[in-house]
Amino acid sequence: MKKISILFLLLIVGTTTLFAQKKTIAFEIQGNRGARGLMPENTIPGMIKALESGATTLKMEVVISKDKQVVVSQEPYFNYTISISPNGEEITLKNQKQFNIYKMNYDEIKHFDVGSKLNPRFPQQEKFRVAKPLLNDLIDRVEFYVAKKKRPKPHYNIETKLIRKGDGEFQPSPEEYVELVMDIVKAKKLGKRVTIHSFDMRSLQYLHKQYPHIPTSLGIDEKEDFENNIKALGFAPTIYSPYLPLVGKSLVDKCHAAGIKIVPWTVNTVKDMMYVKNLGVDGIVTDYPNLMQEIK
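Residues numbered from 1 in each chain as written. Predicted model: local features only at pLDDT ≥ 70, side-chain atom pairs only at ≥ 80, totals over all residues. Heavy atoms only, no water.

J.: If you had to explain the overall build of the protein chain to someone new, which residues and values would you point to?
T.: Scanning the protein chain from terminus to terminus reveals 9 helices and 9 strands. What you see for the protein chain is a C-alpha radius of gyration of 19 Å, in line with the 19 Å of a compact globule of 296 residues. Taken along the three principal axes of its C-alpha coordinates, the protein chain extends 65 × 45 × 35 Å. Out of the 296 residues belonging to the protein chain, those deemed buried represent 55%. For the protein chain, long-range pairs separated by at least 24 residues make up 60% of all intrachain contacts whose partners lie at least 6 apart in sequence. Roughly 14400 Å² of accessible area belongs to the protein chain as shown, and the carbon and sulfur atoms make up 53% of that amount. If you average the places of the 43 positive and of the 33 negative side-chain charges in the protein chain, the two averages end up 5 Å apart. (Helix = DSSP H or I, 4+ residues; strand = E, 2+ residues; numbered from the N terminus. Rg over C-alpha atoms; globule rule 2.2 N^0.38 Å. Buried < 20%, exposed > 50% of the residue type's maximum accessible area, 1.4 Å probe, protein only. Contact = heavy atoms within 4.5 Å. Areas by Shrake-Rupley, 256 points an atom, 1.4 Å probe, with all protein chains shown as cover. Lys, Arg positive; Asp, Glu negative; His and termini not counted. Charge placed at Lys NZ, Arg CZ, Asp CG, Glu CD.)

J.: Residue-level account of helix α4 (residues 135-149), with values.
T.: Every α-helical turn comprises 3.6 residues, leaving residues that sit three or four positions apart pointing alike. The end-to-end C-alpha distance of α4 is 21 Å, a good match for the 21 Å that 15 residues give at a rise of 1.5 Å each. Within α4, burial applies to Leu-135, Leu-138, Ile-139, Val-142, Glu-143, Tyr-145 and Val-146. Buried residues of α4, viewed axially, fall in a sector of 160°; they line one side. Opposite the packed face of α4, turned more than 90 degrees from it, sit the exposed residues Arg-141, Phe-144, Ala-147 and Lys-148. Looking at the packing, one finds that the buried side of α4 touches α2 (44-52), β2 (57-64), β3 (70-72), β4 (155-160) and α5 (174-187). In the segment just after α4, Lys-150 is the residue with positive phi, at about 55°. (Expected span 1.5 Å × (residues − 1). Arc of directions from axis to C-beta.)

Quick look at the structure:
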């Protein structure tokens, strides 16, 4: 029997889905870590700012604490560029991984300040004292805000932030990681408004097996053939999310031919937003969701 390429298989499966998506799904604006260009990242005020700025989806990363709490954070440790320890101990590039969130209970984590330190990459950020929130609390606050303001309920793109060779030291197993996140997704009844994103294929593979109805997003940060990435994953994700410099018309066409949406990251200028939108992408991840207002 002749071997059928993975792309051809995805084309057969995905064509009908593609047409349905184009009819029903508007261009998606994902506020990266809330609105990282305007507010401290992965904080509740940052998420609210993202919604005020036009984001339709809140993109965030989560890590796991010692007491099995799901904490909203880009890294499983306190990054020296944004963090101030509660006792005044300096957090540096050299020692930042010693401030390991997986080795701390949330009662300790919540006393670190991740909003007052100047982040030179984002000079427009408002600065104020704020803690890394629990995913539970962040969702509650966002849902309360949109209900009070009579705004549409947002979508949540939650990334399982596993680091390579970090199992047991900076994170639990992929299976436990996914279950802890899904416990919250189920408790908050977010099934139709959540996507689980990851660069770690193991967590997406487990999620797809145990929760096939939950949309998935595969993060891509290295130049590799689309077909090879999908073959390695073993199934067609809902979204293919590559680093902006990797995106061109050919990749957009391959994704759409396979019935997969493409949402690049991190698209932070009006010029780049116009470029990828003209290519036909289905959305963007951006630190500045407010900029999309300039091209509508």
